Amino acid sequence: MLSDLAYLLYPKYCPACDSPLYKNERILCTSCRHELPLGNFHNVNAKKIEKVFYGRIKIENATSLFVFQKDGLVQNLIHNLKYRGREEIGEELGKWLGQDLSEISDYQLIDIIIPVPLHKKRLKERGYNQVEKFGIEIAKKLQAKYIDSVLKKNSFNNKQSMRGKDTRWKNTSETFGIQNQSLLVNKHILLIDDIVTTGATLEACARVLKSIPGIKISIATMAITE
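Since we're looking at a predicted model, the values are computed, not measured.

1. Overview of helix H7 (residues 132-142)
Buried residues of H7: Phe-134, Gly-135, Glu-137, Ile-138, Ala-139 and Leu-142, and no others. For H7, the elements touching its buried residues are helix H5 (87-102), strand E2 (112-115), strand E3 (145-146), strand E6 (188-196) and strand E7 (216-225). Downstream of H7 by a residue or two, Gln-143 has a phi angle that is positive, lying close to 55 degrees.

2. Focus on the packing of aromatic side chains
Enumeration over the complete set of coordinates arrives at one aromatic pair. Ring centres of Phe-66 and Trp-96 lie 5.4 Å apart, and the angle between their planes is 90 degrees; this geometry places the pair in the edge-to-face category. Taken together, the residues span a long stretch of sequence, with Phe-66 in strand E1 (residues 62-68) and Trp-96 in helix H5 at a distance of 30 residues. As far as burial versus exposure is concerned, Phe-66 and Trp-96 are alike and both buried.

3. A closer look at the sheet that holds E7
Pairing is parallel across the open sheet formed by five strands, whose spatial order is E1-E7-E6-E2-E3. Two strands lie at the open edges of the sheet, namely E1 and E3, each paired on one side alone. Pairing of E2 with E3, which is carried by two bridges, proceeds in the parallel orientation. Bridge pairing links Ile-112 to Lys-145 in E3. Sheet strands in contact with H5 are E1, E6 and E7, and its direction is about 130 degrees off that of E1. Lying over the sheet, helix H9 (residues 200-209) contacts E6 and E7, oriented at roughly 160 degrees with respect to E6.

4. Quick look at the nonpolar core
In this structure, Leu-28, Phe-66, Leu-93, Ile-113, Leu-142 and Leu-190 are the most contacted members of the largest nonpolar core, which totals 35 residues. Where this core is concerned, the elements lending two or more residues are E1, helix H4 (73-83), H5, H7, E6 and E7. Excluding its chain neighbours within four sequence positions, the residues that come into contact with Ile-113 are Gly-135, Ile-138, Ala-139, Leu-142, Ala-144, Lys-145, Tyr-146, Ile-147, Leu-190 and Ile-192.

5. So, the pairing of E2
Of the two faces of E2, the one lined by Ile-112 and Ile-114 and the one lined by Ile-113 and Pro-115 are each fully buried. The pairing of E2 with E6 spans four bridges and is classified as parallel. Within E6, the position partnered with Ile-113 by the bridge is Leu-190.

6. Some words on unusual backbone geometry
Positive phi, normally seen in glycine, also occurs at Asn-180, with a value near 50 degrees. Inspection of the secondary structure puts Asn-180 in the loop between strand E5 (176-178) and E6.

7. Remarks on the side chain of Asn-80
Among the secondary structure elements, Asn-80 is positioned in helix H4. Under the relative-accessibility criterion, Asn-80 is labelled buried at 10%. One polar contact links the side chain of Asn-80 to the main-chain carbonyl oxygen of Asn-76, over a distance of 2.9 Å.

Definitions and cut-offs
Residues numbered from 1 in each chain as written. Predicted model: local features only at pLDDT ≥ 70, side-chain atom pairs only at ≥ 80, totals over all residues. Heavy atoms only, no water. Buried < 20%, exposed > 50% of the residue type's maximum accessible area, 1.4 Å probe, protein only. Helix = DSSP H or I, 4+ residues; strand = E, 2+ residues; numbered from the N terminus. Contact = heavy atoms within 4.5 Å. Phe/Tyr/Trp six-rings, centres within 6.5 Å; stacked < 30°, edge-to-face > 60°. Pairing = 2+ DSSP bridges. Axes fitted to C-alpha atoms, helices over the stretch in contact; angles between N-to-C directions. Core = buried A, V, L, I, M, F, W, Y, C linked by side-chain atoms within 4.5 Å. Polar contact = N/O pair within 3.5 Å; in protein donor to acceptor, adjacent residues only side chain to side chain.

Structural data, given as structure tokens:
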């Protein structure tokens with residue numbers, strides 16, 4: 001009875017389509033769960049993301065949960081996650097992708113999940129790293145560790161979403177550093193982020209991490225742009 005009243009007084013809304021959620025719906029409405037553009041990259045389309053990094057940096061495996069379309073449902077999701085404090089979105093997407101990856105032998109070999117870090121100024125502004133809960137849930141599903149104390153962002157760059165590939169690479173090539181690197185020696189890590197566009201940010205992180213002896217790197221993101 002009390003839960004019914006709370007639902008009427010404080011309805012929850014789907015962060016993808018902004019429709020009211022029914023009592024039995026959690027985070028996403030049933031319609032969006034069926035309409036979100038799944039990429040299936042960790043199965044039949046695996047090579048599509050790997051090609052983003054081909055000839056640039058050696059990656060063991062790469063996947064994204066969704067295809068990012070301008071003004072689409074995925075854009076709404078990630079906007080709500082990054083700018084409106086909806087951290088539960090990252091948690092939900094991590095459970096979704098983590099369950100998929102837990103059934104694939106290549107990803108069962110992952111030892112550690114590492115997030116692309118935010119600069120401390122950006123972290124203070126936002127209050128959280130938007131991929132933290134995403135990574136924590138994937139780590140649970142893969143029985144891996146989540147470690148955010150190794151990769152660090154040294155410089156504060158303006159948003160790069162509208163920049164070209166060459167400019168993005170120039171701005172990220174010396175942005176990242178590592179600490180406590182002994183934690184990753186001879187480990188297979190899964191580097192995670194929200195969106196793959198040109199791959200410049202993930203490539204820059206991977207290049208820094210490649211200095212660690214015996215490391216193997218795979219990549220997983222919430223979405224990849226078309």
